[in-house]
Amino acid sequence: MLNLLSFAELRNLHYFCRRASLPDFQAFTSLRSFTLGWSNQSTELDLGNLLRRSNFPSLQALAITHLSELNLLRTLQEPSSLDLIEHLDAFFINNVHQLDVIFDALKNVLSSTLITAQVHQAVSWGSTLSQPVHLRLRNMHNAIASGICQELAKMLATPSYSSLRSLYLDASCMEAVTLQSLTGACANRKVELVYEEVPSNWTIDPVISPEFWRRQRVRRRLEENKAK
Amino acid sequence: MSFSSLPTELVRQIINSTVPSTFHSTTYKDRQSTLRSLCLVSRQFFSIAQPLLRRIVDFRWKTETSLSPGVSEVAQWNTRVRQAVIQLFEQGGTLELMTSSSSKLQELTVDDHSNDQDLGPLSRLSGILK
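Residue indices begin from 1 for each chain and proceed along its sequence in written order. Following the order in which they are written, the chains are lettered starting with A and the ligands numbered starting with 1. Owing to the predicted nature of the model, reporting of local features is limited to residues with pLDDT of at least 70; listing and counting of side-chain atom pairs is limited to 80 or more, with chain, interface and lining totals taken over all residues.

## Focus: the overall build of chain B
Next up, step 1: From N to C terminus, chain B includes six helices and three strands.
Next up, step 2: Every helix listed is a DSSP run of H or I at least four residues long, and every strand listed is a run of E at least two residues long, numbered separately from the N terminus. In chain B, the succession of α and β elements from N to C terminus is α-α-α-β-α-α-β-α-β.
Next up, step 3: Every C-beta atom is placed from the backbone, and the number of other C-beta atoms within 10 Å of a residue's own sets its class: buried at 20 or more, exposed at 12 or fewer, partly exposed in between. Scored against the burial criterion, the 130 residues of chain B give a buried share of 34%.

This is the structure:
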């Protein structure tokens, strides 16, 4: 009885690793969110045995960070991993370079995928970005200083980018005057703007932000009210 | 009307709103510092601020200096800790200590610097009764 009383159920696990191979993980029945960071870019990684629904039956959000693009694509080709991702509310990735290839791999789950990128990277993607996807911009302070946000604003102002669903921005940049053209372009194109606290130290800061969970709670409440 | 005459629940709401409710590396030190100061204001403030102080714990300063938190120290904090941040190195049983002692842990951040530390102790938090 005492063991039952002291039983802990982890809801959120953030694991950042520098190892050459993935350690053994157990199944986590209660986990709501899982962030897996992997800084070893040169190693071939097999996440197929880990990322499957039977290991994370309660998972709502998964973030995979710093994985090499090749490892990410390999993961997205695993039917068991794709099955898990398809059942999530949100899937977070970064370190994307060949966006068209990633889009192809994620075509069934694009609407729940949030891609983190630098502003210049987003600009370089050009028309490839015109997909129903969620985009989070990082290193905004540098981008604002360099003026590249204006280029992104011009890009988003064109009709071909109207599919972009939402743009996540660093909350600390909310007052930046130079962002007005970008936020204005989003408003005109009905791209939802979300301000959130972004990771400063990716090894330990939440990649899935408290603002994301707050919005999830609101969305759930609205759905429940509709159902009533 | 003095602050101390406010209902405890209202004071709790005010204190809760003065500090972040989750860990972030840029706000953690200020959060803990603010709560420590609030603990010194009055008994009423202490009773509200101290549990919040122990709700989120960054153990990295210990592990960076190869000083794993001691059993008694973790045991003392365990009933309050909801969110913990730890680092793993080749030596030390930090994960073992955290998982065996923190019965209310809901969020765990592991920055793994080791090559072969066993993550088996995480299964204690897996939500599976064994």
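## Quick notes on the nonpolar core
Next up, step 1: In this usage, the nonpolar core is the set of buried Ala, Val, Leu, Ile, Met, Phe, Trp, Tyr and Cys residues whose C-beta atoms join them within 7 Å. Formed by 78 residues in total, the largest nonpolar core has its most connected members in Leu135 and Leu137 of chain A together with Ala84 of chain B.
Next up, step 2: For every residue pair, C-beta atoms are placed from the backbone, and the pair is scored as a contact if these atoms sit within 7 Å. Setting aside anything within four residues of it in sequence, one finds Leu137 of chain A in contact with Ala117, Val119, Ala122, Ala143, Leu167, Tyr168 and Leu169 of chain A.

## Some remarks on the packing of helix H2 (residues 28-39) of chain B against helix H3 (residues 43-53) of chain B
All names here are of chain B.
Next up, step 1: Contact geometry of H2 with H3 gives a least axis separation of 8 Å together with a crossing angle of 155°. The orientation of H2 relative to H3 falls into the category roughly antiparallel. Here the hand of the crossing between H2 and H3 comes out left-handed. Residues Gln32, Leu35, Arg36, Leu38 and Cys39 of H2 lie in contact with H3, whose contacting residues are Phe45, Phe46, Ala49, Gln50, Leu52 and Leu53.
Next up, step 2: For the contact of H2 with H3, the class distribution of residues is eight nonpolar, two polar and one charged. Under this scheme, a helix contributes an axis fitted over its contacting stretch, all axes are lines through C-alpha atoms, and angles between N-to-C directions fall in the 0 to 180 degree range. Angle categories are assigned with fixed cut-offs, so that under 35 degrees is roughly parallel, over 145 is roughly antiparallel, 65 to 115 is roughly perpendicular, and the rest are oblique. The crossing is said to be left-handed when, going from far helix to near helix, the turn is anticlockwise and less than a right angle, and right-handed when the turn is clockwise. Charged residues are taken to be Asp, Glu, Lys and Arg, nonpolar residues to be Ala, Val, Leu, Ile, Met, Phe, Trp, Tyr, Cys and Pro, and polar residues to be all remaining types, Gly included.

## Details of the environment of Ala61 of chain A
Residue and element names in this part refer to chain A.
Next up, step 1: Note that Ala61 resides in strand E3 (residues 61-65).
Next up, step 2: Judged by the 22 C-beta atoms lying within 10 Å of it, Ala61 is buried.
Next up, step 3: In this structure, the C-alpha to C-alpha distance between Ala61 and Leu51, residues ten residues apart in sequence, is 12 Å.
Next up, step 4: For Ala61, the residues in contact, after removing those within four places along its chain, are Ser33, Leu88, Asp89, Ala90 and Ile208.

## Here's the deal with the interface of chain A and chain B
Next up, step 1: Contacts between the two partners involve 29 residues from chain A, matched on the other side by 26 residues from chain B.
Next up, step 2: If you tally residues by element for the side of chain A that touches chain B, the top one is strand E1 (residues 12-17) of chain A, at six residues.
Next up, step 3: Across the side of chain A that touches chain B, the residue classes tally to 13 nonpolar, nine polar and seven charged.
Next up, step 4: For two strands to be treated as a pair, DSSP must find no fewer than two bridges joining them. Note: E1 of chain A against strand E3 (residues 107-112) of chain B, six bridges, orientation parallel. Residue pairing for E3 of chain B: Leu13 of chain A is matched across the bridge by Leu108 of chain B.

## Details of the pairing of strand E2 (residues 83-88) of chain B
All names here are of chain B.
Next up, step 1: Of all six residues in E2, six are buried, a share of seventy percent or more.
Next up, step 2: Side-chain alternation along E2 places Gln83, Val85 and Gln87 on one buried face and Ala84, Ile86 and Leu88 on a second face that is also buried.
Next up, step 3: Alignment of strand E1 (residues 56-58) against E2, held across three bridges, turns out to be parallel. From the neighbouring strand, Asp58 faces E2, where its bridge partner is Val85.
Next up, step 4: Pairing of E2 with E3 involves six bridges; the strand directions are parallel. Along E3, the bridge assignment pairs Val85 with Thr109.

## Concerning the domain arrangement of chain B
Residues and elements named next belong to chain B.
Next up, step 1: As assigned here, chain B comprises domain 1 (1-53) and domain 2 (55-114).
Next up, step 2: Listed by partner, the interface residues are five residues for domain 1 and seven residues for domain 2.
Next up, step 3: A breakdown of the residues in the side of domain 1 that touches domain 2 according to their chemical character gives four nonpolar, one polar and no charged. Source of the domain bounds: an automatic or database domain assignment.

## Comments concerning the confidence of the model for chain B
Next up, step 1: By definition, pLDDT measures how confident the predictor is in each residue, and it falls between 0 and 100. Chain-level statistics for chain B give a pLDDT mean of 82 and a share of 80% at 70 or above.
Next up, step 2: Mean pLDDT per element in chain B: helix H5 (residues 71-77) of chain B is the minimum at 60, and H2 of chain B is the maximum at 95.

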